[in-house]
Amino acid sequence: MGDYPRHTRHFKGLNAVVCNNPTIARHVAALGWTGETSVISNFARHAACMPISRAELQTPDDAFVVCSAGRFTRVKGFDVLLHAIARTPRAWLWLVGDGEEAASLKHLAETLGIGSRLRFAGWRTDPTEVVAAADAFVLPSRDEPLGNALIEAWNVRVPTIATLTDGPKWYASHEHDCILVPIEDPAAIAEGLERMMNSTALRAHLVANAQKTLENRFHPQAVIDDYLIMFDRLKKTRS
């Protein structure tokens with residue numbers, strides 16, 4: 001499970017549930033589930049994308065580009081990110097995705113005076129082709145059980161900032177592989193972006209350590225091994 005169920009009625013007949021993070025596992029237990037519960041995350045999909053050119057999004061080659069991706073809904077916090085960009089005059093922003101908040105985000109951008117530095121890249125089958133061409137990636141969500149977009153940004157070696165939602169605060173480490181910031185805090189995001197812009201060493205540090213976290217926690221073989229361990233444990237329990 002990658003989200004929080006409202007009840008366990010549909011769990012009848014199950015021998016086990018697999019949760020994306022420990023918070024979901026605790027939530028399931030609080031609902032009354034007493035069966036096998038394992039915390040096994042998604043693995044990072046292989047990224048062999050070709051980064052887009054800056055020209056495709058009418059962006060100067062020397063601009064510091066910040067990217068974010070996802071459904072344009074309130075929970076994803078893109079409005080918070082727009083406020084952060086307004087505090088970061090040297091940064092440009094690419095948003096990949098679409099959704100119900102698209103019109104309000106465009107209106108907010110104009111209100112904040114950042115329309116000239118904002119590009120909407122549209123919905124893409126593979127958003128990493130845009131992410132990989134950016135200088136930084138921000139996951140500004142108000143709620144994020146896992147944060148696949150953050151993992152995919154790590155996978156294309158882009159330094160990241162993420163809010164302290166359930167997923168990122170479980171697997172990411174502040175100033176080690178990601179800059180973690182409070183939820184709904186545009187000033188903290190802006191501060192993190194300024195630090196990145198001013199330090200190539202910080203960006204390299206975050207990227208290098210994110211590769212280690214990917215290898216240790218999100219490599220396909222590591223995830224498969226966790227499933228095999230769970231299956232073996234279930235087999236012993238039922239024998």
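That block above? That's the structure.
The sections below set out a description of the structure shown in this document. As the structure is a computational prediction, the values presented were derived from the model and not from experiment.

1. What to know about the packing of helix 7 (residues 186-198) against helix 8 (residues 200-218)
One way to put it is that helix 7 packs onto helix 8 with a least axis distance of 5 Å and a crossing angle of 105°. Between helix 7 and helix 8, the interaxial angle falls into the category roughly perpendicular. Residues R195, M196, M197 and N198 of helix 7 touch helix 8, and the partners they reach there are T200, L202, R203 and L206. Class assignment for the residues of the contact of helix 7 with helix 8 results in 4 nonpolar, 2 polar and 2 charged.

2. Re the packing of helix 5 (residues 148-155) against helix 8
Orientation of helix 5 relative to helix 8, taken along the N-to-C sense of each, is 120°, at an axis distance of 9 Å. Between helix 5 and helix 8, the interaxial angle falls into the category oblique. Crossing angle aside, the handedness with which helix 5 passes helix 8 is left-handed. In this structure, helix 5 uses I151, W154 and N155 to contact helix 8, whose residues at the interface are A210, Q211, T213, L214 and F218. A per-class count over the contact of helix 5 with helix 8 returns 5 nonpolar, 3 polar and no charged.

3. Overview of the environment of S41
Along the chain, S41 turns up in the loop between strand 2 (36-39) and strand 3 (64-69). Residue class for S41 comes out buried when judged on its relative accessible area of 8%. Through-space distance from the C-alpha of S41 to that of P22 is 9.9 Å; in sequence the pair is 19 residues apart. Ignoring anything within four residues of it in the chain, the contact list for S41 reads N20, L146, W170, F218 and V223.

4. Comments concerning the state of the cysteines
Overall, the coordinates contain 0 disulfides when judged by the stated rule. The thiol of C178 is not disulfide-bonded; the next cysteine sulfur, from C67, is found 14 Å away. Among the residues examined, C178 registers a relative accessible area of 0% and is labelled buried.

5. Observations concerning the packing of aromatic side chains
Summed over all chains, the structure comprises 7 aromatic pairs. With a centroid separation of 5.1 Å and an interplanar angle of 85°, the aromatic rings of Y171 and F218 are classed as edge-to-face. With a gap of 47 residues between them, Y171 in helix 6 (residues 166-171) and F218 in helix 8 connect regions that are remote in the sequence. The class for Y171 is buried, based on a relative accessible area of 3%. The class of F218 is buried, set by a relative accessible area of 2%. Over the aromatic face of F120 sits the side chain of K106, whose NZ or CZ is 5.3 Å from the ring centroid. Stacked on the ring of W170, the Lys or Arg R217 has its end atom at 4.6 Å from the ring centre.

Cut-offs and rules
Residues numbered from 1 in each chain as written. Predicted model: local features only at pLDDT ≥ 70, side-chain atom pairs only at ≥ 80, totals over all residues. Heavy atoms only, no water. Axes fitted to C-alpha atoms, helices over the stretch in contact; angles between N-to-C directions. Helix = DSSP H or I, 4+ residues; strand = E, 2+ residues; numbered from the N terminus. Parallel < 35°, antiparallel > 145°, perpendicular 65-115°, else oblique. Contact = heavy atoms within 4.5 Å. Nonpolar A, V, L, I, M, F, W, Y, C, P; charged D, E, K, R; others polar. Left-handed = near helix turned anticlockwise from the far one by under 90°. Buried < 20%, exposed > 50% of the residue type's maximum accessible area, 1.4 Å probe, protein only. Disulfide = S-S within 2.5 Å. Phe/Tyr/Trp six-rings, centres within 6.5 Å; stacked < 30°, edge-to-face > 60°. Lys NZ or Arg CZ within 6 Å of the ring centre and 35° of its normal.

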